[in-house]
Amino acid sequence: TFGSQVTVVEILPQILPLEDEELTAELARLYRRKGMRLLTGSRVEGVAVDAGRGCTVRVSSGEEVEEIACDLVLVAVGVAGNVEGIGLEEAGVEVEKGFIKVRPDYATTAQGIRAIGDCIGPPLLAHAASREAALAVEALLGHQVQPLDPDLVPGCTYCQPQLARVGLTEAQARQAGREITVGRFPFRPLGKALANGEPEGMVKAVVDKEDGKILGVHILGAEAVELIPEATLAMTLEAGAVSLESTVHPHPSLSEAVMEAAAAALGRAIHI
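Conventions adopted
Residues numbered from 1 in each chain as written. Predicted model: local features only at pLDDT ≥ 70, side-chain atom pairs only at ≥ 80, totals over all residues. Heavy atoms only, no water. Helix = DSSP H or I, 4+ residues; strand = E, 2+ residues; numbered from the N terminus. Contact = heavy atoms within 4.5 Å. Pairing = 2+ DSSP bridges.

Colleague: Any details on the environment of leucine 38? Residues and values, ideally.
Modeller: Here leucine 38 lies in strand β2 (residues 37-40). Leucine 38 has contacts with Val8, Ile15, Ala28, Tyr31 and Arg32, leaving out every residue within four places of it along the chain.

This is how it looks when you write it as structure tokens:
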């Protein structure tokens, strides 16, 4: 965005391994068109730092090895819970596979100690931790709580354009044996997207073919992070694609794409 040459090295086959394959492929296409170099299926073998002169990154792609000279290296390889060296063992808090083991009410194996957030495992997201904290306090006060459903926690990638999702990807739904329909609606036909000068991307809805239940919604485009809560609310309330399609949306707005994707999944799209 600021005019720098950028190379992304990703060991897995796509640049956003957890996201929907179709939307990730579209994001990769947009990035390549903007001049970014994307090396998927590639491994960083080492980094040599030359004080004051930048770095040289050694990258292997299959049998090919190259050295990439750069000013800065950003290492972004995920998040881990902070469970080491803080006295958990002495307190009687059990750790399993790198995460604190908790009951549905977020109680640990130690009396009076509860845990929330990254240290108890996925989803490793700040907004998930905030909700878990509220539930843990409610449980401490004696209320019955339902643990957070990870399928109803939105995931957001703050790239440009943004990518946001909730629920299952198309591939995950098929792997689970669900018979599905998929609705897609691009932002380009929307007057608001054109007026904003941001017509790239689409909304994709994954819907159970038999009962119309929304299994997942994926958004690539401007303000995707602001749009995904509508899909999250619909799934939380178990509102089907019919409800999403029949809800009146303001025009012009980017949110129309969510409604239109639900309509497309039902075979009733009329604006594409």
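Colleague: Mind laying out unusual backbone geometry, listing which residues take part and the relevant values?
Modeller: With an omega of 0°, the peptide bond between glutamine 160 and proline 161 qualifies as cis. Within the secondary structure, proline 161 is located in the loop between β8 (155-157) and β9 (162-167). Note that the residue after histidine 251, namely proline 252, is joined by a cis bond; omega there is 0°. In this structure, proline 252 sits in the loop between α7 (241-246) and α8 (256-265). For tyrosine 106, which is not a glycine, the phi torsion comes out positive at approximately 70°.

Colleague: A description of the pairing of strand β5 (residues 64-70) should follow, citing residues and the corresponding values.
Modeller: Regular strands place side chains that alternate from one sheet face to the opposite one. Looking at chain direction, strand β4 (residues 54-61) and β5 are connected through 7 bridges and run antiparallel. Following the sheet pairing, valine 57 is matched in β5 by isoleucine 68. In sequence, β4 turns back onto β5 through a hairpin of 2 residues, with glycine 62 there showing a positive phi of about 70°.

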